[in-house]
Amino acid sequence: MIDVKTILEEIKAAPYEEIEITAPHTGVINFEITTPGVKVAGSSGTYREKPGTLLAAITREHNAKPIHASVNGEVSHIRSDLDGKFVEAGEPLMVVRHFLTKDEVVEAILQKVLFLFTAPERAKYYFIPSADKKIKASGCRSVTVKPGMELFIVSRMKREKPLNYEGPEGIIYAVYFDHDQNVDMGGPLIGVCPEDQTGVIQDVINRVQSDWEERS
Amino acid sequence: MDIEKRIAELAERLAYIRDIFGERDNANITLLASKLDEFSEREKTAQPPEKVRLLQQLEELFVFLEKKLETDLTPMDRVRIVRHPLRVSLKDILENVYDNYTEIGGQDEYSIDPSMLIARAYITRRRGDKVFHQPVMVIGQEKGHGQEFRNGGSVKPWGNAKALQYMKVAEIERIPIHAYVSTPGAFPVEDYPGAAQQIARNIYEMAGLRTPVVSVISEGGSGGAEAIGLSDLRLMFSHGYYSVISPEGAAAIESGIRQGQRAPAELIEACARRLKITAQDNLDMGYIDRIVQEPHLGARAYHYDFFKSLRQEIIKATDEVYLRMGGLNFFRARAVARNKAADAAEAENMYVSWTLDDAACDRLVWRRYQKYRNMAKQAFIDMRTPSTRFFSRTQNLLWSGYSFIRYDFLGKHEKKIGKALRDVEGEVRVVVNKITAPLRRGKPKNAVLACDPEKKQKLLELSQPEQGVCLDDWGWSYVSPRAREDKAVTCPNARISGCLDLWAPDLYGDFAGVCAHCGHHFPMEYQWYLSNVFDKDSILEFNAEIEAGNPLEYPGFDKKLEDAKKKTGRKSSCITFEARIDNVKIVCATLYSAFRGGSVGAAEGEKFIRALARARKKHYPFLAYVHGTAGIRIQESLNGLIQMPRVTMAVRRYIEAGGLYLVLYDTNSYAGPVASFLGCSPYQFSIRSANIGFAGPGVIKETTGIDIPPDYHRSYQALARGHIQGIWDRREVRKNLKQALLTIGGRNLYYR
């Protein structure tokens, strides 16, 4: 059984993700940021077209290549000893500490505790009528799924076929698709968890939503 | 009640004056404000007769000072006048100038594009006791006195498409078109049909429209104005502006500010002055035919006298176009010419039939071409000596004569004789086959044909590299100077495609600037194409002496031009030459980005037109190779902008003569040229990784507020939108051009 509380405690103990910036290839490294504790921004813009803060530049064959921050956070550690020196590919250069947002925490918890049943092909997905009725009447958590159970109708260009659920037994905790929208191949359709876990998960999520303090 | 209304009107007039003069202090405005306040105070206690007297005095003061303020108007004030919500709009004109009208192609917000208004209207005229309704197609941008859905008269591509549709309807119905231009510029989105491509289509079609077009310019904002502004007679409102770019845009470029920042107001004022955008400036330069005088400080919806004079002017202009086309017009044509400067109140009383026969339509289109061909002739520098000019003129005459004899006279007979000979040969073959059939009866039908052993060996064996067969493709005649640098280069797609770094001598040398992993095309110098696409030593440049100038004496521009000339060793951003591709002779015009970003001004336009004429006379295919163009050269203002219709008309003339007009884009091609003489080509191709569009991302964000994806202008997007017909690899340009020459094209090419 998954201990959700322990997971939350773990996240609380280290409410950040540490991203190690490594040398993409050999070359001479020149740090643009030299002191730990500096706040950096990840790529931005509607299409993530604006690069993040310039962290360092690596020069190989007279070709200076910039290394930008990919996420928001704070530089926690810099290998200043490498500044101006030749490094091998994969050499750790600095660590950026990215503080988790509420959504990221919830996502991390759900990823660990839910089983995601994914779409085998790009198509529109529907629940079979009996499941659909139940979901509409009393919510998705009223449906218990078992391996091999016929659960979906796959509809693509007026061709329809049934799809059986494959995965652990449990209740549907979350539905990730809309009835008239196409779901890409590999996109999640439902998240399933053991029946006795639902209450605990909900509690933890509620607590995250109300108590989690976001750090920029 | 009446007094209150009159006071409110005066307050509105004062607010309008303040809007027009912007931040500037003016003693007359202060005086008007204080007098109005003073009157408001006194009005509370004064008796009614006294009130009326004071109000009358105040109104007279307003009229007097408005007249005085008129002389203080700067070009930027005029820009504010045309953009003011009280400015007379097309609907006001339809209501007050025409006798009746029906709006077509949508109503108010229920329209494919509410900023483009189209109406069938008529003007009633009398001839004795008889009443005639003369129908017209009225097309124009509608600003709608600040109605948000009108988008300020900024027309979307589909709005321009609608305008074109109804221009064609007018052509079929043989009724004149009155085009009212009132736009700050086109809405720069690329969604089908695309801002640039649609404007190009409009200009191309209007160049050959077989019905008279009279345009009236209120706000002539760049390409958006040209989309409906090509006409036989061009009028302009006295307080309007007509420019290649908004003064704000010019100031932003001049000051080099970044997106979201604002240029200083003084610089905007200065740019408005330098660009020579007013009606008088445009009349002096010859880009409009007449000015329609407006009331002081600009026409507003309640200036009924203005509508009356506009009606006379528009009737007179339309009459003039029809009377010029011939027929029995001796006295009336003279009467119209005589009235040019007068108020023309008689225009309505004189009847002119608004119909043209086929021959007159031909003359109309030809005169329109001539009108635009003669524009901007003083705006470039022609350093040719008189003897060179004489030689060039004689050469042109000889080509024309040769072309007529070789292709039009002998060619026709040759074709007829050739066809007859082929027919006879076909007939003879059938008869011979019939006669010899018994002799061939004994032979098996599928017998193996005897083959020359040497030929057979060649066909069956692999190529022999040691003989140099495979090595030919690897040597480029021109290698970029960047290939001499000892450095690695990172492909911009490295993050997505995982491309490895490339060594510059490999990339810019052997690989011709193409990423070996993902195929990304790094920009290459135009010299690479000149050397590697055309046959060796086949390039013969002409008209190199035509030089870009500074016709508006734009401050600081002489220096910039000099620098560009020194840097490139050339005199304009357009190179025109004759060349051969695998022995097929062509004429090519190249716009290259090293010279002022490949921008097009009067010199470039003239060179392009002359090259087209040369290709037409010599029956050569024409290639427009666009190494890069940033648009129309803003420092030349209208001298540059007018190249859009001017060159497009020359392109049309060439295509109609049966030529093949191919356009090949490389690197970045934007704005005016793409929205006219390049975009109108039915055969547009692009080198991979080029960007093609109307406005750059910054301008799109600034004008529409839309954040566009980074790949918005990529050639693949242009292909997906149907703007271009294919994408070529740089290394295969020569092969593809040869293929295009063989498979596409007009009927009159010499090698057909």
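Okay, so let's go over this structure. All of these numbers come straight from a predicted model, not from anything done at the bench.

A few points about the overall build of chain A
Piece 1. Along the backbone of chain A there are 4 helices and 16 strands.
Piece 2. Relative to its length of 216 residues, chain A is extended, with a C-alpha radius of gyration of 23 Å against a globular reference of 17 Å.
Piece 3. Projected onto its principal axes, the C-alpha coordinates of chain A cover approximately 65 × 40 × 30 Å.
Piece 4. Looking at the 216 residues of chain A, the share that counts as buried comes to 37%.
Piece 5. By sequence separation, contacts in chain A at least 24 residues apart represent 72% of the contacts at least 6 residues apart.
Piece 6. Here chain A displays about 12,200 Å² of accessible surface, and carbon together with sulfur accounts for 51% of that area.

Quick notes on the overall build of chain B
Piece 1. Broken down by element type, chain B carries 27 helices and 20 strands.
Piece 2. Taken along the three principal axes of its C-alpha coordinates, chain B extends 125 × 70 × 55 Å.
Piece 3. Counting every position in chain B, which comprises 752 residues, the buried fraction comes to 54%.
Piece 4. Taking the intrachain contacts of chain B between residues at least 6 apart in sequence as the baseline, contacts between residues at least 24 apart amount to 74%.
Piece 5. A total of about 35,300 Å² of accessible surface is found on chain B, and carbon and sulfur atoms cover 54% of it.

Side note on the pairing of strand β6 (residues 233–243) of chain B
All names here are of chain B.
Piece 1. Most of β6 sits inside the fold, with 11 of its 11 residues counted as buried.
Piece 2. Both strand β5 (residues 213–221) and β6 contribute to a ladder of 7 bridges, which runs parallel. Opposite V214, over in β6, you have L233 as the bridge partner.
Piece 3. Across 3 bridges, the pairing between β6 and strand β7 (residues 290–292) is parallel. Paired with M236 across the strands is I291, a residue of β7.

Things to note about the sheet that holds strand β16 (residues 188–193) of chain A
All names here are of chain A.
Piece 1. An order of β9-β16-β14-β11 is seen for the 4 strands of this open sheet, with the pairing classed as antiparallel. Lying at the two open borders of the sheet, with one neighbouring strand each, are β9 (115–118) and β11 (144–145).
Piece 2. Bridge count for β9 against β16 is 4 bridges, and the pairing is antiparallel. Considered in β16, the bridge of F117 is made with I190.
Piece 3. Helix α4 (residues 198–211) rests against β14 (170–175) and β16 of the sheet, and its axis sits at about 30° to β14.

Some thoughts on a nonpolar patch on the surface
Piece 1. A contiguous nonpolar patch, built from B:F404, B:I405, B:F409 and B:L410 and spanning about 400 Å² of accessible area, is present on the exposed surface.
Piece 2. Its location among the elements puts B:I405 in helix α15 (residues 386–440).

As for the interface of chain B and chain A
As a measure of interface size, the accessible area lost when the parts come together is often cited.
Piece 1. Counting from both sides, the interface comprises 10 residues of chain B and, opposite them, 9 residues of chain A.
Piece 2. Each partner contributes to the roughly 810 Å² buried at the junction of chain B and chain A, and carbon and sulfur atoms together form 45% of this total.
Piece 3. If you sort the residues of chain B by the area they bury against chain A, B:A488, B:D501 and B:D707 come out on top, with a joint share of 43%.
Piece 4. Connecting chain B to chain A are 2 salt bridges.
Piece 5. In this structure, the salt-bridge partner of B:D501 is A:K65, at a minimum N-O distance of 3.1 Å.
Piece 6. The tally of links between chain B and chain A comes to 8 residue pairs in polar contact (both at pLDDT 80 or more).
Piece 7. Grouping the constituent residues of the side of chain B that touches chain A by class yields 5 nonpolar, 1 polar and 4 charged.

Notes on the sheet that holds strand β20 (residues 726–728) of chain B
All names here are of chain B.
Piece 1. As summarised here, the arrangement of the 7 strands in space is β11-β13-β14-β15-β16-β18-β20, forming an open sheet in which the pairing is mixed. The sheet is open, and its two borders are formed by β11 (540–542) and β20, each paired with just one other strand. On average, adjacent strands in this sheet sit at an angle of 25° to one another, irrespective of strand direction.
Piece 2. With 5 bridges joining them, strand β14 (residues 584–591) and strand β15 (residues 622–626) adopt parallel strand pairing. Counted as the bridge partner of C588 is L623 from β15.

A few points about the nonpolar core
All names here are of chain B.
Piece 1. Counting residues in hydrophobic clusters, the biggest one holds 154 residues, and the most contacted among them are I139, F534, F608, F622, Y661 and L678.
Piece 2. Element by element, the count of residues in this core is highest for helix α7 (residues 195–207), at 8 residues.
Piece 3. The residues contacting I139, other than those within four sequence positions of it, are L90, M116, L117, I118, A163, Y166, M167, I177, H178, A179, Y180 and I228.
Piece 4. By size, the runner-up hydrophobic cluster in this structure holds 39 residues, among which are A119, I315, A335 and V352.

A short note on a positive patch on the surface
Piece 1. Side chains of B:K412, B:K415, B:K416 and B:R747 sit close together on the surface and give a patch of like positive charge.
Piece 2. In this fold, B:K415 is placed in helix α15.

With respect to the packing of helix α6 (residues 157–173) of chain B against α7(B)
Residue and element names in this part refer to chain B.
Piece 1. At their nearest, the axes of α6 and α7 sit 9 Å apart, and the two run at 15° to each other. Here α6 lies roughly parallel to α7, going by the angle between them. Like other packed secondary-structure pairs, α6 and α7 cross with a definite hand, here left-handed. On the side of α6, the interface is formed by P157, N160, A161, L164, M167 and K168, while α7 contributes A195, Q198, I199, R201, N202, E205 and M206.
Piece 2. Looking at the contact of α6 with α7 residue by residue, the class counts come to 7 nonpolar, 3 polar and 3 charged.

Digging into the packing of aromatic side chains
Piece 1. Scanning the model with the defined rule gives 29 aromatic pairs over all chains in all.
Piece 2. A network of ring pairs unites the aromatic residues A:F115, A:F117, A:Y125, A:F127, A:F152, A:Y165 and A:F177 as a single cluster.
Piece 3. Sitting over the face of the ring of B:Y554, B:R274 holds its NZ or CZ atom 5.7 Å from the ring centroid.
Piece 4. Against the face of B:F542 rests B:R614, its NZ or CZ located 3.9 Å from the ring centre.

About the thresholds
- Residues numbered from 1 in each chain as written.
- Chains lettered and ligands numbered in written order.
- Predicted model: local features only at pLDDT ≥ 70, side-chain atom pairs only at ≥ 80, totals over all residues.
- Heavy atoms only, no water.
- Helix = DSSP H or I, 4+ residues; strand = E, 2+ residues; numbered from the N terminus.
- Rg over C-alpha atoms; globule rule 2.2 N^0.38 Å.
- Buried < 20%, exposed > 50% of the residue type's maximum accessible area, 1.4 Å probe, protein only.
- Contact = heavy atoms within 4.5 Å.
- Areas by Shrake-Rupley, 256 points an atom, 1.4 Å probe, with all protein chains shown as cover.
- Pairing = 2+ DSSP bridges.
- Axes fitted to C-alpha atoms, helices over the stretch in contact; angles between N-to-C directions.
- Patch = residues over 30% accessible without salt bridge, like charges linked within 9 Å, V, L, I, M, F, W, Y side chains within 5 Å.
- Salt bridge = Lys/Arg side-chain N within 4 Å of Asp/Glu carboxyl O.
- Buried area = accessible area lost by both parts, 1.4 Å probe.
- Polar contact = N/O pair within 3.5 Å; in protein donor to acceptor, adjacent residues only side chain to side chain.
- Nonpolar A, V, L, I, M, F, W, Y, C, P; charged D, E, K, R; others polar.
- Core = buried A, V, L, I, M, F, W, Y, C linked by side-chain atoms within 4.5 Å.
- Lys, Arg positive; Asp, Glu negative; His and termini not counted.
- Charge placed at Lys NZ, Arg CZ, Asp CG, Glu CD.
- Parallel < 35°, antiparallel > 145°, perpendicular 65-115°, else oblique.
- Left-handed = near helix turned anticlockwise from the far one by under 90°.
- Phe/Tyr/Trp six-rings, centres within 6.5 Å; stacked < 30°, edge-to-face > 60°.
- Lys NZ or Arg CZ within 6 Å of the ring centre and 35° of its normal.

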